[in-house]
Amino acid sequence: MEIRPFKALRFDAAVVGDAGDCVAPPYDVIDEQMQEVLYARNPCNVVRLILGAERPDDDEKENRYSRAAQFLAEFIAGGALKAEAAECMYAYVQDFDAGGRHYRRSGLVALGKLSDFGSGVQPHERTLEGPKADRLKLTRATGAQFGQIFMLYDDPEKTAENIIAGAAARPALLDFDDDNGVRHRLFLIDDTGDIGALTEMMADKMVVIADGHHRYETALNYYAETGNPAAQYRMMTFVNMRNEGLIVLPTHRLVSNLAGFDIADLIGKIQEGFEVVPFPFNDDDGKAAARRAMFEKTSELGGKGANAFGIYAASGCFYAAALREPALMEALCPQMSRAARTLDVNILHKLVLEQILGIGDMELAGQSHVEYIKDIGDAIDRAIAKVDSGAAQAVFFMNPTRVEQVKAVAAAGEKMPQKSTFFYPKMFAGLVINKL
């Protein structure tokens, strides 16, 4: 991939105060409550640009997109956003805890030249039309790129990691902890030798989109629509697949609104192609032990290469299910590569959600029956509580998709179902902004 340095806009602490109060998580994880918190955090918080509040009197001319353009112009005119003195790249370092361990993930922020899928860039997940239309409206209104596209590449020499280590020895441009306890730091890479080495290293690299599929497709659409030479480049963060801090967490599936759902019937049908291990319980202590045993079993099975997932449906039992008949996927999905057929999410979606519960691609796209639960914080507790309360009917607990699986599916030219991966932590928006 061709990459290049750029003159980014950054929040100026001399004007806005703590610049860490001006950045935000990606737009697609901001709910109404978080939006309100971010609005109150700082008058210049980037949420006003990436996901502004809607108003009852909004119309085609006056809306969240037009207000984003107005806020951007005001932030620049007032000095809240200040352009870098010279073209440069950046090092983005995140320190975080997950699963009882501490990690550090580092990435390179630069402009990447857009290309069609298959020509140096591979997606790994399917996209929806709604979010792409939304992001295109924002790009048309503002002519700017606010969030990162998270790209994976493979470099055994760890060229970027070595340069980032040198950049991180200097004072950070930005250093803050987010609401989940993740530390985010941004460092300048302005040495021409380092920029040259990074550009050369990336020149022959195939990249895989880890996160930001909708933003990448939006960038392609905007460039095709405008022909603006500057729009042929998109702000991206590149992370080496060999980076020690690159981890993937699971995204679980919460199922609801199914007519006639019966867990005993479901388990009976699943057992035709899966080995199912029950973990019954009678009280709260037993429930905690059964839950723990189920997760240990699904993790153990996944570690041995089996396709496995957990199930809970408020029936006094947790279940661990492992695929016994791989031929079922071969018969049902002959068009899929082996890499795609052996993905846990595809097996769950095709053999269970679609074949047994009647939740097919159309229902998944409409999100009428499935809610995606990212495994962070107390998400599992909340998912189980929803099932216990009757707000949902069942939850399927997934093992994390492995990075090598992402690479294999992308290399086969295929896409995983939505929410197959959860690369943690998210990369924040507003650390740097690229104005076209």
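Residues numbered from 1 in each chain as written. Predicted model: local features only at pLDDT ≥ 70, side-chain atom pairs only at ≥ 80, totals over all residues. Heavy atoms only, no water.

S.K.: Explain the packing of helix H10 (residues 284-303) against helix H15 (residues 379-389) here, please?
M.R.: Any two packed helices are characterised by the angle at which their axes cross and by the distance between the axes. Relative orientation of the contacting elements H10 and H15 amounts to 120°, with a least axis distance of 14 Å. Looking at the two axes, H10 sits oblique to H15. When the axes of H10 and H15 are compared, the crossing they make is right-handed. Judged by residue contacts, Lys287, Arg291 and Phe295 of H10 engage Ile380, Asp381, Ile384 and Asp388 from H15. In terms of residue class, the contact of H10 with H15 is made up of three nonpolar, no polar and four charged. (Axes fitted to C-alpha atoms, helices over the stretch in contact; angles between N-to-C directions. Helix = DSSP H or I, 4+ residues; strand = E, 2+ residues; numbered from the N terminus. Parallel < 35°, antiparallel > 145°, perpendicular 65-115°, else oblique. Left-handed = near helix turned anticlockwise from the far one by under 90°. Contact = heavy atoms within 4.5 Å. Nonpolar A, V, L, I, M, F, W, Y, C, P; charged D, E, K, R; others polar.)

S.K.: Which parts of the structure should I look at to understand helix H8 (residues 213-226)?
M.R.: Every α-helix carries 3.6 residues per turn, so stepping three or four residues along brings you back to the same face. Here H8 contains 14 residues, and its C-alpha end-to-end distance of 20 Å stays within 8% of the 20 Å for a straight helix at 1.5 Å per residue. Three or more residues of H8 are buried, namely His213, His214, Arg215, Tyr216, Glu217, Thr218, Ala219, Leu220 and Tyr222. Next to the buried residues of H8 lie strand E6 (121-122), helix H5 (129-142), strand E8 (149-153), strand E11 (207-211) and strand E12 (233-240). Two residues or fewer after H8 comes Gly227, characterised by a positive phi angle close to 70°. (Expected span 1.5 Å × (residues − 1). Buried < 20%, exposed > 50% of the residue type's maximum accessible area, 1.4 Å probe, protein only.)

S.K.: Please clarify how empty space enclosed by the protein should be interpreted in this entry.
M.R.: To find leftover empty space, a probe the size of one water molecule is rolled over the atoms. One pass over the full model with this rule turns up three cavities of 30 Å³ or more. Taken together, 18 residues form the lining of the largest cavity, with Thr139, Gln145, Phe146, Arg215 and Arg234 sitting closest to its centre. Elements with a minimum of two residues in the lining of the largest cavity: H5, strand E7 (144-145) and H8. For the lining of the largest cavity, the leading source of residues is H8, giving four residues. Of the residues that constitute the lining of the largest cavity, the class distribution is eleven nonpolar, four polar and three charged. Within this model, the second largest cavity holds a volume of roughly 50 Å³. Taken together, Pro26, Gln148, Phe150, Asp211, Arg215, Lys426 and Met427 make up the lining of the second largest cavity. (1 Å grid on protein atoms, 1.4 Å probe; cavity = no way out; pocket = protein on both sides within 12 Å on 5 of 7 lines; lining within 4 Å. Points joined across faces, edges and corners; volume = space filled by probe spheres on them.)

From the geometry alone we can't say anything about function, so treat these as descriptive.
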